[in-house]
Amino acid sequence: MNITGKTRVLAVIGDPVSHSLSPIMHNGWIADHGIDAAYVAIPLVSEDAENEIRAMCRFGFAGVNVTVPHKHAAAAAADRSEANVANVLRWEKDGSVSGFNTDGVGFLDALTEAAPDWRMRVKRVLMIGAGGAAVGVAAALNAHVDTIHFANRTHARAEAAADGLRAGRVLRWDDLERGFGAADLIVQATSLGMEGNPAPAWPMAAAKPGAICADIVYRPLDTEFLRAARGRGLVAIDGLGMLIHQGARAFEHWFGVRPDAGKARERLIEALSS
Ligand code: NAP
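Residues numbered from 1 in each chain as written. Predicted model: local features only at pLDDT ≥ 70, side-chain atom pairs only at ≥ 80, totals over all residues. Heavy atoms only, no water.

What follows covers empty space enclosed by the protein. Tallied over the full model, the rule gives one cavity of 30 Å³ or more. There is about 50 Å³ of room inside the largest cavity. In terms of lining residues, the largest cavity is bounded by F107, A110, L111, A214, D215, I216, I237, D238, G239 and M242. Taken together, the elements giving at least two residues each to the lining of the largest cavity come down to α4 (103-114), β11 (212-215) and α10 (239-255). Counting residues per element, the lining of the largest cavity draws most heavily on α4, which supplies three residues. Looking at side-chain class alone, the lining of the largest cavity contains seven nonpolar, one polar and two charged residues. (1 Å grid on protein atoms, 1.4 Å probe; cavity = no way out; pocket = protein on both sides within 12 Å on 5 of 7 lines; lining within 4 Å. Points joined across faces, edges and corners; volume = space filled by probe spheres on them. Helix = DSSP H or I, 4+ residues; strand = E, 2+ residues; numbered from the N terminus. Nonpolar A, V, L, I, M, F, W, Y, C, P; charged D, E, K, R; others polar.)

On to the layout of surface pockets, then. Roughly 240 Å³ of internal volume is contained in the second largest pocket. If you trace the second largest pocket, you find it lined by R8, C57, G60, F61, A62, R90, W91, E92, K93, G95 and W254. In terms of residue class, the lining of the second largest pocket is made up of five nonpolar, two polar and four charged.

This part is about the sheet that holds strand β10 (residues 185-188). Spatially, the six strands line up as an open sheet ordered β9-β8-β7-β10-β11-β12, and their pairing is parallel. Looking at which strands have only one partner, the edges of the open sheet turn out to be β9 (168-171) and β12 (235-237). Sheet twist, expressed as the average angle between the axes of neighbouring strands with direction ignored, equals 20°. Judged from the five bridges that link them, strand β7 (residues 124-128) and strand β8 (residues 147-151) form a sheet pairing that is parallel. For M127, the partnering residue across the bridge sits in β8 and is F150. In the packing of helix α6 (residues 132-141) onto the sheet, contacts are made with β7, β8 and β10, and the angle to β7 comes to roughly 170°. Across the sheet, helix α7 (residues 155-162) is in contact with β8 and β9; its angle to β9 comes to roughly 165°. (Pairing = 2+ DSSP bridges. Axes fitted to C-alpha atoms, helices over the stretch in contact; angles between N-to-C directions. Contact = heavy atoms within 4.5 Å.)

The sheet built from six strands is open, its strands ordered β2-β1-β3-β5-β6-β4 with mixed pairing. Both outer strands of the open sheet, β2 (37-43) and β4 (80-81), are each paired with one neighbouring strand and no more. Here strand β5 (residues 88-91) runs beside strand β6 (residues 97-100); their pairing, made up of four bridges, is antiparallel. Opposite V88, over in β6, you have F100 as the bridge partner. Docked against the sheet, helix α2 (residues 49-56) engages β1 (8-14), β3 (63-66) and β5, running at close to 35° with respect to β5.

All right, on to the pattern of salt bridges then. Two side chains that carry opposite charge are able to pair once their charged atoms sit near each other. In this structure the tally under the stated criterion is 14 salt bridges. Taking the shortest distance from any N to any O, the salt bridge between D109 and R249 comes out at 2.8 Å. Of this pair, D109 sits in helix α4 while R249 is found in helix α10, placing the two residues 140 residues apart along the sequence. In this structure D109 comes out as buried when scored by relative accessible area, which is 16%. With a closest N to O distance of 3.3 Å, R172 and D174 form a salt bridge. (Salt bridge = Lys/Arg side-chain N within 4 Å of Asp/Glu carboxyl O. Buried < 20%, exposed > 50% of the residue type's maximum accessible area, 1.4 Å probe, protein only.)

Time to look at the domain arrangement of the chain. Where interface size is quoted, it is often the accessible area lost as the parts come together. The assigned domain composition of the chain is domain 1 (8-101 + 246-273) and domain 2 (104-237). Once you take the C-alpha centre of each, domain 1 and domain 2 turn out to be 26 Å apart. Counting from both sides, the interface comprises nine residues of domain 1 and, opposite them, eight residues of domain 2. A combined buried area of about 720 Å² lies between domain 1 and domain 2, and 54% of that area is made up of carbon and sulfur atoms. Among the residues of domain 1 in contact with domain 2, N101, R249 and L272 are the three that bury the most area, contributing 53% of the side total. Linking domain 1 to domain 2 there are one salt bridge. Elements with a contribution of two residues or more to the side of domain 1 that touches domain 2: α10 and α11 (261-273). With three residues, α11 is the single largest residue contributor to the side of domain 1 that touches domain 2. (Domains from an automatic or database assignment. Buried area = accessible area lost by both parts, 1.4 Å probe.)

Written out as structure tokens, the structure is:
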């Protein structure tokens with residue numbers, strides 16, 4: 001990478017960001033396409049992220065990804081945003097800022113990659129979790145399925161997530177087994193199963209024979225949820241697919257080209273195993 005005064009700068013901002021795989025992913029694609037740009041991780045610890053993000057406009061960033069906990073602030077800071085939670089910002093030629101949410105569509109891309117016929121197979125979804133990621137994924141699925149049942153440890157959050165979605169429904173956390181038995185697509189969208197946050201014994205034995213199982217956790221890449229799904233012979237989709245495809249959509253918003261998801265997967269698997 002040859003950084004000069006003309007090199008364009010992009011970043012992921014959030015708290016924390018030191019663990020982020022986005023710099024490896026985007027700098028790999030920047031090199032693949034011979035673009036004069038560099039992508040860095042910038043920690044933003046702030047109670048007023050909306051104003052801090054607005055101030056970034058004056059620094060000539062080419063674009064940013066925004067991660068936890070600033071996605072709402074990013075959408076609010078943008079002059080226009082396609083959703084009220086934004087994980088991508090793009091600075092336009094007139095100085096204005098556009099916000100996008102590529103998390104949900106990134107999940108759909110990963111789903112299509114692993115199960116191309118999912119639109120014909122999936123009518124009922126079990127969404128385990130009701131945090132920011134679950135809500136983003138559910139919003140993208142909403143137009144394509146009959147029902148999305150949210151099961152979340154904190155029930156009120158499940159109700160809030162289901163509210164306003166045509167397909168949104170709620171399921172009690174202690175009724176997961178019934179949810180597994182009814183779903184064509186089961187999405188594990190909590191932080192359970194992440195390093196340091198062990199998962200419970202999922203009731204995978206109850207899942208339908210043709211169910212598709214997706215975990216959005218990617219550290220570790222091979223989670224207990226995915227192992228249980230594979231053990232039943234079900235389609236098991238890891239969290240790296242969503243990460244890569246949301247990133248690919250962001251890259252396209254900034255540079256107008258869709259980068260190679262396969263190359264990113266190779267690089268990120270190497271990074272995760274080192
Ligand atoms: P979040 O808004 O903080 O939500 C966390 C979710 O996990 C909530 O539903 C929470 O339930 C649940 N949870 C946490 N600890 C739990 C426990 N011990 N028992 C039961 N439920 C528990 O976080 P998020 O942004 O949605 O992210 C969730 C996970 O998705 C993280 O692991 C994140 O790394 C991953 N993620 C992956 C991608 C990707 O591209 N693959 C993108 C975004 C996020 P309560 O509401 O009860 O607290």
